[in-house]
Amino acid sequence: MPRASQPLDPDVLDCLQEVMDPEIGLSVVDLGLVYRAERGGDSIDVALTLTTRACPLGEMILEDARERLVRRFPDAPRIAVELVWSPIWTPDRITPRGQELMGRAPREAA
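A quick note: this is a predicted structure, and the numbers were derived from the prediction, not measured. (Residues numbered from 1 in each chain as written. Predicted model: local features only at pLDDT ≥ 70, side-chain atom pairs only at ≥ 80, totals over all residues. Heavy atoms only, no water.)

### Quick word on the confidence of the model for the protein chain
On average, residues of the protein chain score 90 in pLDDT, and 90% of them are at 70 or above. The lowest-confidence element of the protein chain is helix α3 (residues 96–101), averaging 93 in pLDDT; the highest-confidence one is helix α1 (residues 10–16), averaging 97. (pLDDT = per-residue confidence, 0-100. Helix = DSSP H or I, 4+ residues; strand = E, 2+ residues; numbered from the N terminus.)

See below:
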């Protein structure tokens, strides 16, 4: 069972906004691929997923995230970017901004 959703650190998300999924052309943030983005006193922990396990660019996306975090937070002694598969990603996780960028009408709030 996945752990309860935790708030995502806005500074970490801002940094990850520049990490693109090159096949789709949207950031990992807008696609809803960031499951954890925590910043503590001595570490930054990020958990990302991919749109599919068959994604051939997964390692490149993870490395891009790591590099951007290291540049943005040079004083953090530990930066961890982990690939996770639970919960499985679905298009429902795409943010309203991502929907807009894809030319789709944003979902109505239920």
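### Topic: the nonpolar core
Val-12, Leu-16, Val-28, Val-34, Val-46, Leu-48 and Leu-69 are the most contacted members of the largest nonpolar core, which totals 28 residues. Of all the secondary-structure elements, those providing two or more residues to this core are α1, β3 (34–39), β4 (43–48) and α2 (58–72). When residues no more than four places from it in sequence are discounted, the contact partners of Leu-69 are Val-12, Cys-15, Leu-16, Ile-44, Val-46, Ile-79 and Val-81. (Core = buried A, V, L, I, M, F, W, Y, C linked by side-chain atoms within 4.5 Å. Buried < 20%, exposed > 50% of the residue type's maximum accessible area, 1.4 Å probe, protein only. Contact = heavy atoms within 4.5 Å.)

### What to know about the pattern of salt bridges
Enumeration according to the criterion identifies 10 salt bridges in this entry. The salt bridge partner of Arg-72 is Asp-14, with a shortest N-O separation of 2.6 Å. Residue Arg-72 is located in helix α2, and its partner Asp-14 is located in helix α1; the two are separated by 58 residues in the primary sequence. According to the relative accessible area criterion, Arg-72 is partly exposed, its value standing at 37%. Asp-14 gets classed as partly exposed once you look at its relative accessible area, which sits at 44%. Ionic pairing is found between Arg-66 and Glu-63, a salt bridge with its closest N-O pair at 3.0 Å. Here Arg-66 pairs with Glu-63, and both are found in helix α2, just three residues apart, close to one helical turn. (Salt bridge = Lys/Arg side-chain N within 4 Å of Asp/Glu carboxyl O.)

### So, the sheet that holds β3
Here three strands make up an open sheet; going across it, the order is β3-β4-β5 and the pairing mixed. Each end of this open sheet is capped by a strand with a single partner; those strands are β3 and β5 (78–83). Geometrically, the sheet is characterised by an average inter-axis angle of 5 degrees between neighbouring strands, direction not taken into account. In the sheet, β3 pairs with β4 via five bridges, with the strands oriented antiparallel. Considered in β4, the bridge of Arg-36 is made with Ala-47. Each of β4 and β5 touches α2; the most contacted strand, β5, lies at about 160 degrees to it. (Pairing = 2+ DSSP bridges. Axes fitted to C-alpha atoms, helices over the stretch in contact; angles between N-to-C directions.)

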